[in-house]
Amino acid sequence: FREQAGSFTMPVDTAAFFDRFGEPPVTHKYGTAGFRANADSLARVMSVVGTIAALRSRSLDGHCIGVMVTASHNPVQDNGVKIIDASGGMLSQAWEPAATELVNAATPAEFDEALKVTKILLKV
């Protein structure tokens, strides 16, 4: 993060991200089990989850946030990733819609807008 006059910006190059990962191959929804899907569609999700975890940490004054990859013994269609809140429990439900929006953004403009809305609504 870079601090600027009491706020921050994230050095996210959305154009480069979309050049590498493209549009989401399927629609993902964050729930109590995190994001679950076929492993082939999760590389893009994993990249965005890092941004979501950083935003959540920032909203909690820098407290640690965990990211758990769930894959080792699961069938290929039941792999996933979940965000662990600073308390050690599930990601706050207030953050689930923002996580879903960010992961499913289909264009750089949609991602930037979802990021902007997330920062405003969740007071990041």
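All of the points below concern the structure found in this document. (Residues numbered from 1 in each chain as written. Predicted model: local features only at pLDDT ≥ 70, side-chain atom pairs only at ≥ 80, totals over all residues. Heavy atoms only, no water.)

We now examine the overall build of the protein. In terms of helices and strands, the protein carries four helices and five strands. Burial statistics for the protein: of 124 residues in total, 38% are counted as buried. Relative to all contacts within the protein whose residues are 6 or more apart in sequence, the contacts with residues 24 or more apart total 62%. Only carbon and sulfur atoms are counted for the fraction: they give 54% of the accessible area of the protein, which is about 6900 Å². (Helix = DSSP H or I, 4+ residues; strand = E, 2+ residues; numbered from the N terminus. Buried < 20%, exposed > 50% of the residue type's maximum accessible area, 1.4 Å probe, protein only. Contact = heavy atoms within 4.5 Å. Areas by Shrake-Rupley, 256 points an atom, 1.4 Å probe, with all protein chains shown as cover.)

Let us now look at the pattern of salt bridges. Summed over the entire model, instances satisfying the criterion amount to one salt bridge. Arg56 is paired through a salt bridge with Asp85; the nearest N and O atoms lie 2.9 Å apart. Residue Arg56 is found in helix H2 (residues 42-59), and its partner Asp85 is found in the loop between strand E5 (79-84) and helix H3 (96-104); the two are separated by 29 residues along the sequence. Like Asp85, Arg56 is buried. (Salt bridge = Lys/Arg side-chain N within 4 Å of Asp/Glu carboxyl O.)

To continue, consider helix H4 (residues 108-121). Because each turn of an α-helix spans 3.6 residues, side chains separated by three or four positions end up pointing in the same direction. Compared with an ideal rise of 1.5 Å per residue, which puts 14 residues at 20 Å, H4 spans 20 Å between its outermost C-alpha atoms and is within 8% of the ideal. Turning to H4, its buried residues are Phe111, Ala114, Leu115 and Thr118. For H4, the arc enclosing every buried residue in end-on projection is 100 degrees, short of the 170-degree limit, so these residues lie on one face. Seen from the open side of H4, the exposed residues pointing more than 90 degrees away from its buried face are Ala109, Ile120 and Leu121. Taken together, the buried residues of H4 touch helix H1 (14-21), H2 and H3. Positive phi shows up at Lys123, right after H4, with a value of about 55 degrees. (Expected span 1.5 Å × (residues − 1). Arc of directions from axis to C-beta.)

The next subject is the sheet that holds strand E4 (residues 66-70). Pairing between sheet strands relies on hydrogen bonds along the backbone, with the strands arranged either parallel or antiparallel. Spatially, E3-E5-E4 is the arrangement adopted by the three strands of the open sheet, whose pairing is antiparallel. Because the sheet does not close on itself, it has two edges, and the strands there are strand E3 (35-37) and E4. Ignoring which end each strand starts from, the neighbouring axes of this sheet average 10 degrees apart. With five bridges connecting them, E4 and E5 associate as antiparallel partners. Across the sheet, residue Val69 finds its bridge partner in E5, namely Val81. The sheet strands contacting H2 are E3, E4 and E5, and the helix crosses E5 at an angle near 0 degrees. (Pairing = 2+ DSSP bridges. Axes fitted to C-alpha atoms, helices over the stretch in contact; angles between N-to-C directions.)

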